[in-house]
Structures are given as C-alpha cells and as structure tokens.
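Each chain, written out:
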Amino acid sequence: RWHRRRPGLSFLYSIGDDPVECLFYLDGRAFGVSGTTFFEAFDDDTFVVRGTVANDGIDLATMCSGGSASDAMLIISGSTGYTFTLSTNTFAAVTDPDFPTHPVMCEFFAGYFLVLERNSRRIQWSALEDPTSWDPLDVFERSWAPDNISFIKRNGTHIWCVGTQTSEVLYATGDITVFGPAQESLIEHGCIGRFTGQLTAQGVACLDQDMRGGMQVVLFRGLQPDAISTYSINLEQAGQAGLLNASYAFVLQMEGHTFYLVYNR
C-alpha cells in the first residue's frame, strides 16, 4: 500500500534504553517519561532526571498540571500516581489511601486533577488544586451506557469520556456533583486503543470502535465523529486487529500541517 510522505524525526539525545512515551509542556517547562525515568528537558537540548516511576510495560505514562494555582503536576505511570512540585522540584509518590487503586491516566480541568480507573466506568477527582488529597466519594461513574471508559481527554470546557463502544461529554456542574454528562452528549462511537485518544486543534481523535466494528481513525467535530482515515489505512488496521488495543498515537504540527500518527505495537 502507498502512504503519503510524513515528516521524519532526527536524533536529539537518549534517555536510557527506553523510548520516550510521554511529553508535557506548560509555561516554559517541558517534562517526559522514558521507561522508569521522569525527566525535565531544556532549551539547550539537555535534560535532568527528576524522579523514578513504575513501568508495567502495558500502559503509557500520562501527566497533567494545575500550573501556578496548584504548583503541582500529577504523573500516572505503571498504575501508580506521583506528584511533582514545580517551585521546589520535589518528586514523590501519592500516598493517600483513597487514591484510585489502578490508575490509568490523568487530566486537569476546572481546578481538579482527574484520574481514570482501569477497566471501569469510574473517574475520580482530587481535592481542589491538590493532587495529593483524594476522597473516595469524589467519583463520577457513567450510567448512560454500560461499556467501560477507554480514555479521558479535556477539550475546551468539557472532559471527553470515551468508552470502548460509546462516548459522552462531561462538564463542570457548579454544584455538589462537580461533574456530570452534558445534555444529548451520548455518542454511539468509542475507542479500541485508549492511548490513540489525542487532542488536535479540530477536536478529539482516536481509533474508532462501536458495536458494529471499527478500526478507522475518527475526529470528533463537536458531537459528530468524522472518519479521517482512508479505506486503505482502515484495511491495514483491520490486518492488525489483535494488536489495536495496545496501539498509541501522537499529534504534531509542522509547517502548518497537523499530523495524527498511529503506532501498532
């Protein structure tokens, strides 16, 4: 099959023997995870190790930050949570016993750190601006559809809660429930590979799955999912059907073009 040319990569530096599986940038500071190494990268193409994280060889690491309001980052790696204090460069594991037992990924929205629990319909959020403090009652469990949540992703003023076959959109309610599904936001499309869920300038994209099948790349424009992969790409994905749940994707912008790149491992 013929694939249109895509931008290549040039070698910058190596951090151990593992590939970099997560990058995060905010207000002049850039961080990443490579294997069990949590590091900070600098403009002069150097880096410094900030901590050691777990790595289960299954999930990719994710991280988010509350910025200067919380002075903290939350890192999820190897089903374990960690915090990094920005002002002091202090790294530590989350020790609150009410932190989710099997965290998969995290997001930050409306002053709260949110964590998705593995193989569940549950999202738990932290105390306001504090990723070290968790209450077992601060939980959203989806009930509009029965499928587990594949991934969560903040998009604008909403949290996209994409399941394995269906999806819904959460918003900050402003009351005691904190988060709830937006009206008419149940979508009959989900995601086959949780780490293919990525935010683009046009919306949330992922490797699609629903009760009829899937394996195409879709972009959610508003609440409408549009296929953005070609038939030849879809056919190739179908040939990798047994591997797609472990696929991951990343988005980059180069010379005015946005690229959504999928890797089937």
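Residues numbered from 1 in each chain as written. Predicted model: local features only at pLDDT ≥ 70, side-chain atom pairs only at ≥ 80, totals over all residues. Heavy atoms only, no water.

Caption draft 1: Spotlight on the overall build of the protein. Summing up its helical and strand segments, the protein has 2 helices and 23 strands in all. Its C-alpha atoms give the protein a radius of gyration of 18 Å, near enough to 18 Å, the size a compact globule of 265 residues would have. C-alpha extents for the protein along the principal axes are approximately 50 × 50 × 35 Å. Residue pairs at least 24 apart in sequence account for 44% of intrachain contacts in the protein once pairs closer than 6 positions are excluded. Averaged over its 16 positive side-chain charges, the protein has a centre that lies 9 Å from the centre of its 30 negative ones. (Helix = DSSP H or I, 4+ residues; strand = E, 2+ residues; numbered from the N terminus. Rg over C-alpha atoms; globule rule 2.2 N^0.38 Å. Contact = heavy atoms within 4.5 Å. Lys, Arg positive; Asp, Glu negative; His and termini not counted. Charge placed at Lys NZ, Arg CZ, Asp CG, Glu CD.)

Caption draft 2: Molecular detail of the environment of Tyr-171. Within the fold, Tyr-171 resides in strand β15 (residues 167-172). Put simply, Tyr-171 and His-102 are 69 residues apart on the chain and 24 Å apart in space, counted from C-alpha to C-alpha. Other than its neighbours up to four places away in sequence, Tyr-171 contacts Thr-157, His-158, Val-178, Phe-179, Gly-180, Pro-181 and Ala-182.

Caption draft 3: Up close: the nonpolar core. Core analysis: the largest hydrophobic core is formed by 28 residues, its most contacted members being Ile-123 and Ile-152. In terms of residue count, the dominant contributor to this core is strand β14 (residues 158-163) (4 residues). Phe-24, Ile-75, Phe-84 and Leu-86 belong to the second-largest nonpolar core, a separate cluster that totals 13 residues. (Core = buried A, V, L, I, M, F, W, Y, C linked by side-chain atoms within 4.5 Å. Buried < 20%, exposed > 50% of the residue type's maximum accessible area, 1.4 Å probe, protein only.)

Caption draft 4: Up close: the sheet that holds strand β2 (residues 29-34). One open sheet holds the 4 strands; their spatial order is β1-β2-β3-β4, and the pairing between them is antiparallel. Only two strands of the sheet have a single neighbouring strand rather than two, namely β1 (20-26) and β4 (47-52). On average, each strand axis in the sheet is inclined to that of its neighbour by 25°, with strand direction left out of account. Both β2 and strand β3 (residues 37-41) contribute to a ladder of 5 bridges, which runs antiparallel. (Pairing = 2+ DSSP bridges. Axes fitted to C-alpha atoms, helices over the stretch in contact; angles between N-to-C directions.)

Caption draft 5: Spotlight on the sheet that holds strand β10 (residues 112-117). Read across the open sheet, the 4 strands follow the order β9-β10-β11-β12; overall the sheet is antiparallel. The two strands at the open ends of the sheet, each matched to only one other strand, are β9 (103-109) and β12 (130-141). With direction set aside, neighbouring strand axes in the sheet form an average angle of 30°. Both β9 and β10 contribute to a ladder of 6 bridges, which runs antiparallel. Within β10, the position partnered with Glu-107 by the bridge is Leu-114.

Caption draft 6: Molecular detail of the side chain of Ser-120. Secondary-structure assignment places Ser-120 in the loop between β10 and β11 (122-127). Reaching out from Ser-120, the side chain makes a polar contact with the backbone nitrogen of Arg-122 at a distance of 3.1 Å. Not counting the four nearest positions on each side in its chain, Ser-120 is found in contact with Asn-148 and Ile-149. (Polar contact = N/O pair within 3.5 Å; in protein donor to acceptor, adjacent residues only side chain to side chain.)

Caption draft 7: How the structure looks around the state of the cysteines. Scanning the model with the defined rule gives 0 disulfides in all. Cys-64 forms no disulfide, and the closest cysteine sulfur to it belongs to Cys-106, at a distance of 3.6 Å. With no disulfide of its own, Cys-206 has Cys-191 as its nearest cysteine by sulfur position, at a separation of 4.1 Å. We classify Cys-206 as buried; its relative accessible area is 0%. (Disulfide = S-S within 2.5 Å.)

Caption draft 8: View of the side chain of Asp-208. Among the secondary structure elements, Asp-208 is positioned in strand β19 (residues 203-210). Lacking a salt bridge, the buried Asp-208 has Arg-212 as its closest oppositely charged neighbour, with an N-O distance of 7.3 Å. Setting aside anything within four residues of it in sequence, one finds Asp-208 in contact with His-189, Gly-190, Ile-192, Gly-214, Met-215, Gln-216 and Val-218. (Salt bridge = Lys/Arg side-chain N within 4 Å of Asp/Glu carboxyl O.)

Caption draft 9: Main features of the pattern of salt bridges. Under the definition given, this model contains 11 salt bridges. Among the salt bridges present, the one from Arg-50 reaches Glu-40, with a minimum N-O distance of 2.9 Å. Remark: Glu-40 occurs in strand β3 and Arg-50 occurs in strand β4; sequence separation between them is 10 residues. For Arg-50, a relative accessible area of 22% puts it in the partly exposed group. For Glu-40, a relative accessible area of 4% gives the class buried. Two residues, Arg-122 and Glu-117, come together in a salt bridge whose shortest N-O distance is 3.2 Å. Residue classification places Glu-117 among the buried residues on the basis of a relative accessible area of 15%.

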